[in-house]
Amino acid sequence: MTAKHYALVGDIGGTNARFALVEQGSVQPRAIEILPCGEYNNLEDAVRDYLARVGLSEVDQACLAVASPVRGTRVRMTNNHWRFDTEDIRKEFGWAAFKVINDFTAMALGVPHVAEDKLVHVCGGPGDRRRPRLVMGPGTGLGVSGLVPIQQGWAPLMTEGGHVDFAPTDEAEMAVLRILKARFGRVSVERILCGQGLLNLYQAHAEIQGVAAPLDGPEKITSAALDNTDALARHTLRHFCELLGRVAGNGVLTLGSTGGVYLCGGILPRILDFFLESPFCSGFEDKGRMRPLLEFTPVYVVTEPYTGLLGAAEALGNPEV
């Protein structure tokens, strides 16, 4: 195993850094290791440790997906202490090329490489594979990206679609908006459709119903909803899924993404059975005269845990990134 045959790819979040090797011309990650970011002073130490673990002294090039905005050469991780300059890192390791991309851009680029058995069909018809695809997912925030077909492959869209306005559709949602507006001022869909957003929605529904909201974290709400031990938690999680459907449907109308909707992130695979029975599809398709377009568009939950690594590998040879 020689350095020139491999590139380093990584998917770095607030808590963990996932590293892997890919052979030239391939996007399939090998020798995957998950390293806790808190155990390393900086990116350089983590990379050195990974390479030592897999028995390589060097690689030729690298691409890392990071949970952070990417502008220029300076990268400041959003949810951990790592800071680095891309050109300094490239020179230090002697890489011929070093790309750093946003983690949700990597998620989007990885989607076309996800195996069929890692895609769970939620609703919708055959779609049109020649059209754009919408890639989104609730997690720490609400990531939204897209893929536009080009002559050979895909060009990813780098968006902040999670920060569009929350648009209520009935009196209950108007009440949710009033409550969250009093707390936050402007209310984006990310204020509801992410981990912390689930807690915000739960607390708002408690206030609307005039009941206590004893659960104080998204994991507790999800667990109580799945176990059917808390009616408010179950009601909230169903509403969360419905709202995600509405936002996904809006994205399809905006992007023209009848190529499909791909729902990524850590939350949905953990609640998959609940999600499949939720009002997601009714929210997704409820677009009046445009309903046939949404019914035509397929929606999938992506259960591949290393989609970001697939995307980082794709980005190595993708000139659009």
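Our structure is the block above this text.
Conventions and cut-offs
Residues numbered from 1 in each chain as written. Predicted model: local features only at pLDDT ≥ 70, side-chain atom pairs only at ≥ 80, totals over all residues. Heavy atoms only, no water. Helix = DSSP H or I, 4+ residues; strand = E, 2+ residues; numbered from the N terminus. Rg over C-alpha atoms; globule rule 2.2 N^0.38 Å. Buried < 20%, exposed > 50% of the residue type's maximum accessible area, 1.4 Å probe, protein only. Contact = heavy atoms within 4.5 Å. Pairing = 2+ DSSP bridges. Axes fitted to C-alpha atoms, helices over the stretch in contact; angles between N-to-C directions. Salt bridge = Lys/Arg side-chain N within 4 Å of Asp/Glu carboxyl O. Expected span 1.5 Å × (residues − 1). Arc of directions from axis to C-beta. Polar contact = N/O pair within 3.5 Å; in protein donor to acceptor, adjacent residues only side chain to side chain. Parallel < 35°, antiparallel > 145°, perpendicular 65-115°, else oblique. Left-handed = near helix turned anticlockwise from the far one by under 90°. Nonpolar A, V, L, I, M, F, W, Y, C, P; charged D, E, K, R; others polar. 1 Å grid on protein atoms, 1.4 Å probe; cavity = no way out; pocket = protein on both sides within 12 Å on 5 of 7 lines; lining within 4 Å. Points joined across faces, edges and corners; volume = space filled by probe spheres on them.

A. Examining the overall build of the protein chain more closely. Scanning the protein chain from terminus to terminus reveals 12 helices and 13 strands. Taken against the 2.2 N^0.38 rule, which gives 20 Å for 321 residues, the C-alpha radius of gyration of the protein chain at 21 Å falls within 12% of a compact globule. Counting only C-alpha atoms and orienting by the principal axes, one finds that the protein chain spans roughly 60 × 45 × 35 Å. Here the protein chain holds 321 residues, and 53% of them are scored as buried. Looking at the protein chain alone, contacts between residues at least 24 apart form 66% of all its contacts between residues at least 6 apart.

B. Spotlight on the sheet that holds strand β11 (residues 153-158). One open sheet holds the six strands; their spatial order is β8-β13-β12-β9-β10-β11, and the pairing between them is mixed. In this open sheet, the two edge strands, each paired with only one partner strand, are β8 (119-123) and β11. The mean angle between the axes of side-by-side strands here comes to 25°, regardless of whether they run parallel or antiparallel. Where strand β9 (residues 133-138) meets strand β12 (residues 261-263), three bridges bridge the pair, whose relative direction is parallel.

C. Geometry of the pattern of salt bridges. This model, assessed by the stated rule, comprises 14 salt bridges. Note that Glu173 and Arg246 form a salt bridge whose closest N and O atoms lie 3.9 Å from each other. Taken as a pair, Glu173 in helix α4 (residues 171-184) and Arg246 in helix α7 (residues 231-255) lie far apart in primary sequence, 73 residues in all. Just as Glu173 is buried, Arg246 falls in that class too. Several salt bridges share partner residues, and in doing so they unite Glu173, Glu242, Arg246 and Asp286 into one network.

D. Layout of helix α1 (residues 43-54). The terminal C-alpha atoms of α1 lie 17 Å apart, and with 12 residues this matches the ideal 16 Å at 1.5 Å per residue to within 8%. Within the span of α1, buried status applies to Leu43, Glu44, Ala46, Val47, Tyr50, Leu51 and Val54. End-on, the buried residues of α1 take up no more than an arc of 165°, which puts them together on one face. Against the buried residues of α1 lie β1 (6-12), β2 (16-23), β3 (30-36), β4 (61-66), β6 (83-85) and α2 (86-93). The N-cap of α1, judged by a side-chain oxygen 3.3 Å from the amide nitrogen of Glu44 a few residues on, is Asn42. Once α1 finishes, Gly55 follows within two positions and takes phi at roughly 80°, a positive value.

E. Structural view of the sheet that holds β1. Read across the open sheet, the five strands follow the order β3-β2-β1-β4-β7; overall the sheet is mixed. The sheet is open, and its two borders are formed by β3 and β7 (97-102), each paired with just one other strand. Strand-to-strand twist across the sheet, computed as the mean angle between neighbouring axes with direction ignored, equals 15°. Packed onto the sheet, helix α12 (residues 307-316) meets β1, β2, β3, β4 and β7 and runs at close to 135° relative to β1.

F. Quick peek at the packing of α4 against helix α5 (residues 195-209). At a minimum axis distance of 9 Å, the contact between α4 and α5 shows a crossing angle of 115°. Judged by the inter-axis angle, α4 sits roughly perpendicular to α5. The interaxial crossing formed by α4 with α5 has right-handed handedness. Between α4 and α5, the contacting residues are Ala172, Ala175, Val176, Ile179, Leu180, Arg183 and Phe184 on the first element and Asn200, Leu201, Gln203, Ala204, His205, Glu207 and Ile208 on the second. Tallied by class, the residues present in the contact of α4 with α5 amount to nine nonpolar, three polar and two charged.

G. Seen up close, the packing of α1 against α2. Closest axis-to-axis distance for the α1/α2 pair is 11 Å, and the angle between their directions is 35°. With respect to the hand of their crossing, α1 and α2 are arranged in right-handed fashion. The segment α1 lies against α2, with Leu43, Glu44, Val47 and Arg48 engaging Ile89, Glu92 and Phe93.

H. Up close: the layout of surface pockets. Of the voids in this model, the second largest pocket is the one considered here, and its volume is about 430 Å³. Taken together, 23 residues line the second largest pocket, and the ones lying closest to its centre are Val164, Val247, Asn250, Gly251 and Thr254. Sorting the residues of the lining of the second largest pocket by element identifies β9, β10 (142-150) and α7 as the ones contributing at least two each. Here the element with the most residues in the lining of the second largest pocket is α7; it accounts for seven residues.

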